[in-house]
Amino acid sequence: MTSVETATASAAEGLVGDRYSGRSGSRQVTLIQREHLAAIASHLGLDRVAAEQLRRNIVVEGVNLAALKDHRFRLGTAILAYTGECHPCSRMEEAFGPGGYNAVRGHGGITARVVESGTIAIGDRLERLPATSL
C-alpha cells in the first residue's frame, strides 16, 4: 500500500493504480472512518491502527459512512455509489493477531463503485447526494 496526495477515480477502472484497478464490480473503492480506526485500536489494546493494515483506499473523518447506504456521493470531483459494507476477512487475524477479525466487525467501512470519473485529494469533502440521484 502506498499513500498518495491525489488519486484518479475512473468509472471504467476504479482507482487508477490500485491493485483492483481495471476490475469492474462493486468493490472499486473502499472507505473507512478515521474514528473507526481508533475504535479498532482500542479493541485491540493498540495505540493506533492504520488504514493500510485494513487495506482500505480512503479514510474520511466526521462522516457516518453507513448513512451513505443507497446513495451516491461526491468526493473531490468524482461521484461514487455505495455498494455495501466492507466486512473483515481472515487476514485481520494475520494483521492484528488473535481477536483481529472481531475487532474489525462493524468497523470495516464501506465499498463503492465509481459512477463519474474524477480526482480525489487529501482533504476533499465528502458530500452525500440526494437519494433521487440514484
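Preceding block: the structure.
Source: prediction; values computed, not measured.

## A closer look at the nonpolar core
Formed by 18 residues in total, the largest nonpolar core has its most connected members in Val29, Leu31, Phe73, Leu80 and Leu126. Where this core is concerned, the elements lending two or more residues are strand S3 (29–33), strand S4 (58–60), strand S5 (72–75), strand S6 (78–85) and strand S7 (110–116). If we skip the residues at most four places from it in the chain, Leu31 touches Ile58, Val60, Leu65, Phe73, Leu75, Gly108, Gly109, Ile110, Ala112 and Leu126. If you look at the next biggest cluster of nonpolar residues, it comprises eleven residues, including Leu37, Ala41, Val49 and Ala103.

## Looking at unusual backbone geometry
The backbone phi angle of Arg55 is positive, close to 60 degrees, even though this residue is not glycine. Mapped onto the elements, Arg55 comes out in the loop between helix H2 (51–54) and S4. Non-glycine residue Asp70 carries a positive phi angle of around 65 degrees. Looking at the element boundaries, Asp70 is found in the loop between S4 and S5.

## Observations regarding the sheet that holds strand S1 (residues 6–10)
Taking strand neighbours across the sheet as the criterion, the three strands line up as S2-S1-S8 in an open arrangement whose pairing is antiparallel. Here the strands that pair on one side only, and so sit at the sheet edges, are strand S2 (14–15) and strand S8 (118–121).

## Observations regarding the sheet that holds strand S9 (residues 126–128)
Strand order in this open sheet of six strands is S4-S3-S7-S6-S5-S9, and the pairing throughout is mixed. Lying at the two open borders of the sheet, with one neighbouring strand each, are S4 and S9. Geometrically, the sheet is characterised by an average inter-axis angle of 40 degrees between neighbouring strands, direction not taken into account. The pairing of S5 with S6 spans four bridges and is classified as antiparallel.

## Section: the pairing of S5
In S5, alternate side chains face the same way, and those of Phe73 and Leu75 are buried while those of Arg72 and Arg74 on the opposite face are not. As consecutive antiparallel partners, S5 and S6 are separated by two residues, and within that stretch Gly76 has a phi angle of approximately 65 degrees, a positive value. Here three bridges tie S5 to S9, and the two strands are oriented antiparallel to one another. Pairing of Arg74 across the sheet is with Glu127, part of S9.

## Some words on the pattern of salt bridges
Taken as a whole and judged by the stated rule, the model has two salt bridges. Of the charged contacts, one joins Glu127 and Arg74 as a salt bridge, the two residues approaching to 3.8 Å between their closest N and O atoms. In this pair, Glu127 sits in strand S9 while Arg74 sits in strand S5, placing the two residues 53 residues apart along the sequence. Under the relative-accessibility criterion, Glu127 is labelled partly exposed at 32%.

## A closer look at helix H1 (residues 34–44)
Within H1, burial applies to Leu37, Ile40 and Ala41. Down the axis, H1 shows its buried residues gathered within 100 degrees of arc, on one side only. Opposite the buried face of H1, at more than 90 degrees from it, the exposed residues are Ser42 and His43. In the segment just after H1, Gly45 is the residue with positive phi, at about 70 degrees.

The rules behind the values
Residues numbered from 1 in each chain as written. Predicted model: local features only at pLDDT ≥ 70, side-chain atom pairs only at ≥ 80, totals over all residues. Heavy atoms only, no water. Core = buried A, V, L, I, M, F, W, Y, C linked by side-chain atoms within 4.5 Å. Buried < 20%, exposed > 50% of the residue type's maximum accessible area, 1.4 Å probe, protein only. Helix = DSSP H or I, 4+ residues; strand = E, 2+ residues; numbered from the N terminus. Contact = heavy atoms within 4.5 Å. Pairing = 2+ DSSP bridges. Axes fitted to C-alpha atoms, helices over the stretch in contact; angles between N-to-C directions. Salt bridge = Lys/Arg side-chain N within 4 Å of Asp/Glu carboxyl O. Arc of directions from axis to C-beta.

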